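# Commentary on secondary and tertiary structure
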Amino acid sequence: MGQDRKRLVIGADDAGLGLKTVIKGFLDEQGVAYDDAGVDTPDATALGIDYPDVAETVATGIRDGRYDRGILICGTGIGMAITANKVPGVRAALAHDVYSAQRARRSNDAQVLTMGARVIGPEAAKTVVAAWLESEFDGGGSTRKVAKIVDLERRLSRSEGEPGEG
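A few points on the structure. (Residues numbered from 1 in each chain as written. Predicted model: local features only at pLDDT ≥ 70, side-chain atom pairs only at ≥ 80, totals over all residues. Heavy atoms only, no water.)

## Some remarks on the overall build of the protein
When helices and strands are counted, the protein shows six helices and five strands. Each helix and strand of the protein, ordered N terminal to C terminal, gives the series β-α-β-α-β-α-β-α-β-α-α. Its C-alpha radius of gyration of 16 Å places the protein within 12% of the 15 Å reference for a compact globule of 166 residues. Across its three principal directions, the C-alpha atoms of the protein cover 50 × 40 × 25 Å. Here the protein, with 166 residues, has 43% of them falling under the buried criterion. Here the analysis covers contacts within the protein between residues at least 6 apart in sequence; of these, 69% occur between residues at least 24 apart. Accessible surface for the protein amounts to roughly 8400 Å². Of this, 50% is attributable to carbon and sulfur atoms. Charge centroids of the protein, computed over 21 positive and 25 negative side chains, lie 8 Å from each other. (Helix = DSSP H or I, 4+ residues; strand = E, 2+ residues; numbered from the N terminus. Rg over C-alpha atoms; globule rule 2.2 N^0.38 Å. Buried < 20%, exposed > 50% of the residue type's maximum accessible area, 1.4 Å probe, protein only. Contact = heavy atoms within 4.5 Å. Areas by Shrake-Rupley, 256 points an atom, 1.4 Å probe, with all protein chains shown as cover. Lys, Arg positive; Asp, Glu negative; His and termini not counted. Charge placed at Lys NZ, Arg CZ, Asp CG, Glu CD.)

Put into structure tokens, the structure is as follows:
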């Protein structure tokens, strides 16, 4: 896969735990090193650990440079994507097909892939993960578009907390 030198982190909530286990096995088979950001129990929600907690751990790890990429899995993938995208500097993309996973990297430079365990089967998920890991940012015309996203994020973060805002 060529991505074993990248620092990868994977996390899931209790709804995504089974698919996370499958993806970890796939990564192991491919020789891709990763860290596991949790959860490890189907009782995570009862323990007060929800998808925003896991997504924040993964996304802040990427923002802070501990990881290059992350994979997040919950029931649909939607909540993980929304939460990860709240962390400045992080771009998360929900993908359940190869084309979208590739475009997430090639066009949007997404550092986080999110998936829904209730939406995608194990074999398809492995194919999506492989496509995403093998893809790199193409640059070209997409560079300007991603720069606009980064600029928007900076402008919005500067305006937060100003008197009269909110």
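## Here we look at the environment of Tyr-51
With respect to the secondary-structure elements, Tyr-51 resides in helix 2 (residues 51–63). A relative accessible area of 34% means that Tyr-51 is categorised as partly exposed. Residues Tyr-51 and Gly-38, spaced 13 residues apart in sequence, show a C-alpha to C-alpha distance of 10.0 Å. Excluding residues within four positions of it along the chain, Tyr-51 makes contact with Asp-13, Cys-74, Gly-79, Met-80 and Thr-83.

## Description of the pattern of salt bridges
In the structure shown here, the tally under the stated rule is 11 salt bridges. Across the pair Asp-36 and Lys-24 runs a salt bridge, and its minimum N-O distance is 2.7 Å. Of the two residues, Asp-36 sits in strand 2 (residues 35–36) while Lys-24 sits in helix 1 (residues 17–30), which places them 12 residues apart along the sequence. You can call Asp-36 partly exposed: its relative accessible area is 30%. The salt bridge involving Asp-151 is made with Arg-155; its shortest N-O contact spans 3.0 Å. Of this pair, Asp-151 and Arg-155 both sit in helix 6 (residues 141–159), four residues apart, roughly one helical turn. Overall, the relative accessible area of 35% leaves Asp-151 in the partly exposed class. Overlapping salt bridges bring together Arg-69, Arg-91, Arg-105, Asp-109 and Glu-136 as one network. (Salt bridge = Lys/Arg side-chain N within 4 Å of Asp/Glu carboxyl O.)

## Side note on the layout of surface pockets
Of the volumes computed, that of the largest pocket is approximately 180 Å³. Lining the largest pocket are Asn-85, Lys-86, Val-87, Pro-88, Ile-149, Leu-152, Glu-153, Leu-156, Ser-157 and Glu-160. Its residues assigned to classes, the lining of the largest pocket comprises five nonpolar, two polar and three charged. (1 Å grid on protein atoms, 1.4 Å probe; cavity = no way out; pocket = protein on both sides within 12 Å on 5 of 7 lines; lining within 4 Å. Points joined across faces, edges and corners; volume = space filled by probe spheres on them. Nonpolar A, V, L, I, M, F, W, Y, C, P; charged D, E, K, R; others polar.)

## A look at the side chain of Gln-111
The residue Gln-111 is located in the loop between helix 4 (98–106) and strand 5 (112–116) in this model. Ignoring any residue separated from it by four or fewer positions in sequence, one finds Gln-111 in contact with Ile-62, Asp-68, Arg-69, Gly-70, Gly-89, Val-90, Arg-91, Arg-105 and Trp-132.

## Things to note about the packing of helix 1 against helix 5 (residues 122–134)
Where helix 1 contacts helix 5, the two axes come as close as 10 Å, and the packing angle between them is 50 degrees. Considered as vectors, helix 1 and helix 5 are oriented oblique to each other. For the pair helix 1 and helix 5, the sense of crossing is right-handed. Along its contact with helix 1, which presents Leu-19, Val-22, Ile-23, Phe-26 and Leu-27, the element helix 5 presents Pro-122, Ala-125, Lys-126, Val-129, Ala-130 and Leu-133. Across the contact of helix 1 with helix 5, the residue classes tally to 10 nonpolar, no polar and one charged. (Axes fitted to C-alpha atoms, helices over the stretch in contact; angles between N-to-C directions. Parallel < 35°, antiparallel > 145°, perpendicular 65-115°, else oblique. Left-handed = near helix turned anticlockwise from the far one by under 90°.)

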